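Close look at the chain arrangement
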Amino acid sequence: MTQHRRIDRFLEAAIGDFADWIRDSSWLGKERDCVNVFATRFVRPAVSSRSAITDYSQVRIECGVPQPKLKGFDRPSAAKDLVIWHGPLDVAWDSDWKPVNIPWVVIEWKTRRRGRSNAIFDKHDERWLRAFSEQNPASLGYAVTVDFARGHRQVHYARFSRGEMTVRHNVSEE
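Presented here is an overview of the structure given in this document.

Parameters at a glance
Numbers given for residues are sequential positions, taken from 1 along each chain in its written order. Owing to the predicted nature of the model, reporting of local features is limited to residues with pLDDT of at least 70; listing and counting of side-chain atom pairs is limited to 80 or more, with chain, interface and lining totals taken over all residues. Here the side-chain values reflect all heavy atoms present in the structure, with hydrogen atoms and water set aside. What counts as a helix is a DSSP run of H or I of at least four residues, what counts as a strand is a run of E of at least two, and both are numbered from the N terminus. Radius of gyration here uses only the C-alpha atoms, and the compact-globule reference equals 2.2 Å multiplied by the residue count raised to the power 0.38. Using a 1.4 Å probe on the protein chains alone, a residue whose accessible area is under 20% of its type maximum counts as buried, one over 50% counts as exposed, and one in between counts as partly exposed. Two residues qualify as a contact provided that any one of their heavy atoms is within 4.5 Å of a heavy atom in the partner residue. With residues, only the protein chains shown are counted as cover, and all accessible areas are computed by Shrake-Rupley using a 1.4 Å probe. This count recognises Lys and Arg as positive and Asp and Glu as negative, with His and chain-terminal groups excluded. Charged side chains are reduced to one point each, which is NZ for Lys, CZ for Arg, CG for Asp and CD for Glu.

Thoughts on the overall build of the protein chain
A count of helical and extended segments in the protein chain gives three helices and six strands. What you see in the protein chain, going N to C, is helices and strands ordered as α-α-β-β-β-α-β-β-β. Against the globule reference of 16 Å for 174 residues, the protein chain gives a C-alpha radius of gyration of 16 Å, in line with a compact fold. By principal-axis analysis of the C-alpha atoms, the protein chain measures approximately 50 × 40 × 25 Å. The buried share of the protein chain, reckoned over its 174 residues, is 50%. Of the contacts made within the protein chain by residues no fewer than 6 positions apart, 57% connect residues no fewer than 24 positions apart. Total accessible area on the protein chain is roughly 9000 Å²; 48% of this is exposed by carbon and sulfur atoms. Looking at charge distribution, the protein chain has the averaged site of its 28 positive side-chain charges lying 1 Å from that of its 23 negative ones.

Set out below in structure tokens:
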């Protein structure tokens, strides 16, 4: 099985479990709360020597990564919501503190609340993840939106590979 398929299965199972939990709970949280709960409650327990993520130190919250080369992304690095590295303790930085190492997966999160944007996915995140995955074909991107604005809670996600976005589905309506 390819590395992309392994990490896709891992992440899609974790996102599905998170979506089921969100749908069935009364818990409310903003973006960073969702990222932290997802990482600690849905990713960490699935980490094992046989899973796509073999060491929890591959998973980082608010982690620096190299910025794609595209107009509007002028700084050399950007902090991303959830980052998964190929190896334990990997980081973006070289010995000169330049962001040169590329992560395996970057996941950007948003929450929707009443009175906020109606877009399913943030356009800036879409643009960033398209550019990042196109310039780094061995890496993947995900956009996850937790929607608290509707009568029933929904979790939407999209996968980015080689610059292409594929909306998987609204996992909490299945």
